[in-house]
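One letter stands for each residue in the lines below.
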Amino acid sequence: MSARRRSQQISDHLASSAISSRPFSLSSIAPGGVTVTKHKLGPGSTAATITVSNPRKLNIVNTEILDQLIEACNGLSSDTDLRAVVLTGGKTAHGKAPSFVGGADIKEMHQLSSSDEARTFITRIHRACSALRDLPVPVIAKVHGFSLGAGLEILAACDLRIATKNSVFGMPEVKVGIPSVVEAALLPGLIGMGRTRRLLYLAENIDAAEAERWGLVEKIVDDEAALDAVVDDWVARIAEMGPKAIRSQKRLMQKWENSSVDEGIEAGADAFAEAFTDGGKEPKAFMARFVNRNR
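What comes next concerns the included structure. All values reported here derive from a predicted model rather than from experimental measurement. (Residues numbered from 1 in each chain as written. Predicted model: local features only at pLDDT ≥ 70, side-chain atom pairs only at ≥ 80, totals over all residues. Heavy atoms only, no water.)

## Looking at the pattern of salt bridges
Using the following cut-off: The salt bridge criterion pairs a side-chain nitrogen of Lys or Arg with a carboxyl oxygen of Asp or Glu, the two atoms within 4 Å. The helix and strand labels rest on DSSP assignments: H or I over at least four residues marks a helix, E over at least two residues marks a strand, and numbering proceeds from the N terminus. Here's how the labels work: a residue is buried when its accessible area is under 20% of the maximum for its type, exposed when over 50%, partly exposed in between, all with a 1.4 Å probe on protein chains only.
Summed over the entire model, instances satisfying the criterion amount to 13 salt bridges. A salt bridge links R133 to E257, with the shortest nitrogen-to-oxygen separation between them at 3.0 Å. Within this pair, whereas R133 is found in helix α4 (residues 115–134), its partner E257 is found in helix α10 (residues 243–257), the two being separated by 124 residues in sequence. When the shortest N-O distance is used, the salt bridge between K244 and D278 registers 3.7 Å. Placement of K244 in helix α10 and of D278 in the loop between α11 (261–274) and α12 (281–294) is noted, with a sequence separation of 34 residues between them. Residue K244 is classed as exposed on the basis of its relative accessible area of 55%.

## Considerations on the side chain of S180
The cut-off we apply is this: N or O atoms within 3.5 Å of each other form a polar contact, as long as, within protein, one can give a hydrogen and the other can take it, and as long as residues adjacent in sequence are counted only when both atoms are side-chain atoms. Contacts are residue-level and defined by heavy atoms, with any inter-residue pair within 4.5 Å sufficient.
With respect to the element layout, S180 can be found in the loop between β9 (168–170) and α6 (187–191). According to the relative accessible area criterion, S180 is buried, its value standing at 14%. At a separation of 2.7 Å, a polar atom in the side chain of S180 contacts the side chain of E173. Ignoring sequence-local partners within four residues, the contact set of S180 consists of M171, E173 and L200.

## Description of the packing of aromatic side chains
Quick reminder of the rule: Each Phe, Tyr or Trp ring, with Trp reduced to its six-membered ring, pairs with another whose centre is within 6.5 Å; inter-plane angles below 30 degrees give stacked pairs, above 60 give edge-to-face pairs, and intermediate values give tilted ones. Placement of a positive charge over a ring is assigned whenever Lys NZ or Arg CZ falls within 6 Å of the ring centre and within 35 degrees of the normal to the ring plane.
Tallied over the entire structure, the rule returns 1 aromatic pair. Aromatic pair F272 and F276: ring centres 5.5 Å apart, planes at 45°, arrangement tilted. Using a relative accessible area of 56% as the deciding quantity, one classes F272 as exposed. The cationic tip of R289 hangs over the ring face of F286; the distance from NZ or CZ to the ring centre is 4.2 Å.

## What about the side chain of R247?
Rule in force here: In this tally, Lys and Arg are treated as positive and Asp and Glu as negative; His is ignored, and so are the chain termini.
Along the chain, R247 falls in helix α10. Buried charge R247 goes without a salt bridge, the closest partner of opposite sign being D79 at 6.1 Å. At a separation of 3.1 Å, a polar atom in the side chain of R247 contacts the main-chain carbonyl oxygen of L82. Every residue in contact with R247, bar those within four places of it in the chain, is listed here: D79, T80, L82, P136 and V137.

## A few points about unusual backbone geometry
For N59, which is not glycine, the phi torsion reads 60° and is therefore positive. Within the secondary structure, N59 is located in the loop between β3 (45–53) and α2 (63–77). The backbone phi angle of V182 is positive, close to 40°, even though this residue is not glycine. Within the fold, V182 resides in the loop between β9 and α6.

## Description of empty space enclosed by the protein
Spelled out, the test is: Put plainly, a pocket is an open set of points on a 1 Å grid over the protein atoms alone with protein on both sides within 12 Å along at least five of seven lines, a cavity is a set where a 1.4 Å probe fits but cannot get out, and a lining residue has an atom within 4 Å of a point. Grid points are joined across faces, edges and corners, and a volume is the space filled by probe spheres set on the points. Here the term charged refers only to Asp, Glu, Lys and Arg, the term nonpolar to Ala, Val, Leu, Ile, Met, Phe, Trp, Tyr, Cys and Pro, and the term polar to all other amino acids, Gly among them.
Using the criterion set out here, one finds 1 cavity of 30 Å³ or more in the structure. In this structure, the largest cavity spans a volume of roughly 30 Å³. As for the largest cavity, its lining consists of L82, R83, V137, I238, P243, I246 and R247. Looking at the lining of the largest cavity, the elements with two or more residues in it are β4 (82–89) and α10. Looking at side-chain class alone, the lining of the largest cavity contains 5 nonpolar, no polar and 2 charged residues.

Here it is, written out as structure tokens:
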């Protein structure tokens, strides 16, 4: 069976066999919450979708939602069958524009009255971003609509980012008297220091086409239907890879973000050697497909 055909089969199976896991949000919490849906891809293989929902407020995050996002990520991290995670925003209320994550709750920030309270609040945003980065498998940001402030930091914490052409990106914090902080520090590595300054100093929004040119997102698509199709395809393709190899690759990518070139090369050699600690069961099994095909 060709890799393309197998990818399509997995994608079709994903679309038709979604299974809801225990939601991490509580129905008594209003407005919004975080839910996790697991999708069975095949024997011993699952993907998960994390949905951030605050429908009346463009899916902005507050303390409760951030805590639920952290809990959701921590719960998924122990799933050894997990192959990929998709992070997305829920449907917004009637009359509201679509949104991935529209930022942090300004009303909650307006009530902060001390440095300690401010540190506690912003640390929670950092912990949510860290929880996403600490997931052992690739995390795909599925973006339709606004991704602003804390939403853009959450987006930057994901491994891959795909957006509809009508999506909007920005860092408006200085407009409300605060600096852009915590995972905004990831932006120079994605788009360069000059463009980061432009976003942060001018607090301007950019459209999806410019975000793709800058390297803030990896792909843009026309609409939600295309967004669903491409995300499903990416998940299916990731699921075809060696599960240990993908997890090792993610750890190595994060190492590269925080090391010199020489340190990154050394870490890569260590990761390659680690793949053969059990005699190379996974790499041998996957390489055999190519060896046998060539025969």
